Amino acid sequence: MERICHIDDVLPGSSIGFRYSSYGKDDIFLVNKSGKIYAYRNSCPHWPGSTLPMRRGQYLDGESRYIVCHGHGALFEIDTGVCIHGPCLGEKLTALSIEIDKDGNVFIVNA
Ligand code: FES
C-alpha cells in the first residue's frame, strides 16, 4: 500500500492525476465527488492505454459532473466509472481501491 497524496490535495469537485508506475504519464487519477474519493486507471476503455485528459489533472467536465475522455468525448459516471455517453457506452473505467487514514493520507491498495 502506497501513500499517494493527502485528501486536501483533491478538493470536492476536483480531480488529480499521479504517475504510479514508471510509465511516463499519469497512470492513475482521483476524483472527489461530494467528499468521497474515487480512484481509476488513466486508461480509456475505448482505446485501452489512451489517457483521458487533454491537460494534466483535468479529468472532469466543466460542471464536475462526469469524468470525460478528450479522445472522443466519452463521459463516465464518477461513482461507477461506467461510460454513459460516447463510443464505449456501457464499458467501465478500471476502478482502484484506496484507503484514507485518520490523518487524511490517501493510499492506493491495488494498482
Ligand atoms: S479514447 Fe477515450 S473516447 Fe476514444
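Before going into details, it helps to say that this report is about the structure given with it. (Residues numbered from 1 in each chain as written. Predicted model: local features only at pLDDT ≥ 70, side-chain atom pairs only at ≥ 80, totals over all residues. Heavy atoms only, no water.)

## Remarks on the overall build of the chain
Counting its secondary structure elements, the chain contains zero helices and ten strands. Helices and strands appear in the chain in the N-to-C order β-β-β-β-β-β-β-β-β-β. In summary, the chain has a C-alpha radius of gyration of 13 Å against a globular reference of 13 Å for 111 residues, a match within 12%. When its C-alpha atoms are laid out on the principal axes, the chain stretches across 40 × 30 × 25 Å. Across the 111 residues that make up the chain, the buried fraction comes to 39%. Within the chain, contacts between residues at least 6 apart in sequence are counted, and of these 41% link residues at least 24 apart. A total accessible area of about 6,200 Å² is found for the chain, and carbon and sulfur atoms account for 48% of it. (Helix = DSSP H or I, 4+ residues; strand = E, 2+ residues; numbered from the N terminus. Rg over C-alpha atoms; globule rule 2.2 N^0.38 Å. Buried < 20%, exposed > 50% of the residue type's maximum accessible area, 1.4 Å probe, protein only. Contact = heavy atoms within 4.5 Å. Areas by Shrake-Rupley, 256 points an atom, 1.4 Å probe, with all protein chains shown as cover.)

## Points about the nonpolar core
Side chains of a nonpolar character, in soluble globular proteins, are inclined to be buried together. Grouped together as the largest cluster of nonpolar side chains are 16 residues, with contacts concentrated most on Phe 29, Leu 52, Ile 67, Phe 76 and Leu 93. When residues of this core are traced back to their parent elements, those giving at least two are β3 (28-33) and β4 (36-41). Residue contacts for Ile 67: discarding those within four places in its chain leaves Phe 29, Val 31, Tyr 40, Leu 52, Tyr 59, Leu 60, Ala 74, Leu 75, Phe 76, Glu 77, Ile 78 and Leu 93. Core analysis: the next-biggest nonpolar cluster, separate from the first, contains eleven residues, Cys 5, Phe 18, Ile 28 and Leu 30 among them. (Core = buried A, V, L, I, M, F, W, Y, C linked by side-chain atoms within 4.5 Å.)

## Some details on the sheet that holds β4
The antiparallel open sheet is built from four strands, whose spatial order is β2-β3-β4-β8. Single-partner strands in this sheet number two, and they are β2 (15-18) and β8 (95-96). As paired elements, β4 and β8 share two bridges and run antiparallel to each other. Each bridged residue has a counterpart across the sheet, and for Ala 39 the counterpart in β8 is Leu 96. (Pairing = 2+ DSSP bridges.)

## Here we look at the pairing of β3
Most of β3 sits inside the fold, with five of its six residues counted as buried. Inspection of the sheet shows β2 paired to β3 by four bridges, in the antiparallel sense. From the neighbouring strand, Ile 16 faces β3, where its bridge partner is Leu 30. Note that β3 and β4 share six bridges and pair antiparallel. Bridge pairing in β4 places Ile 28 opposite Arg 41. In this antiparallel pair of consecutive strands, β3 and β4, the connection spans two residues, and Ser 34 shows a positive phi of 55°.

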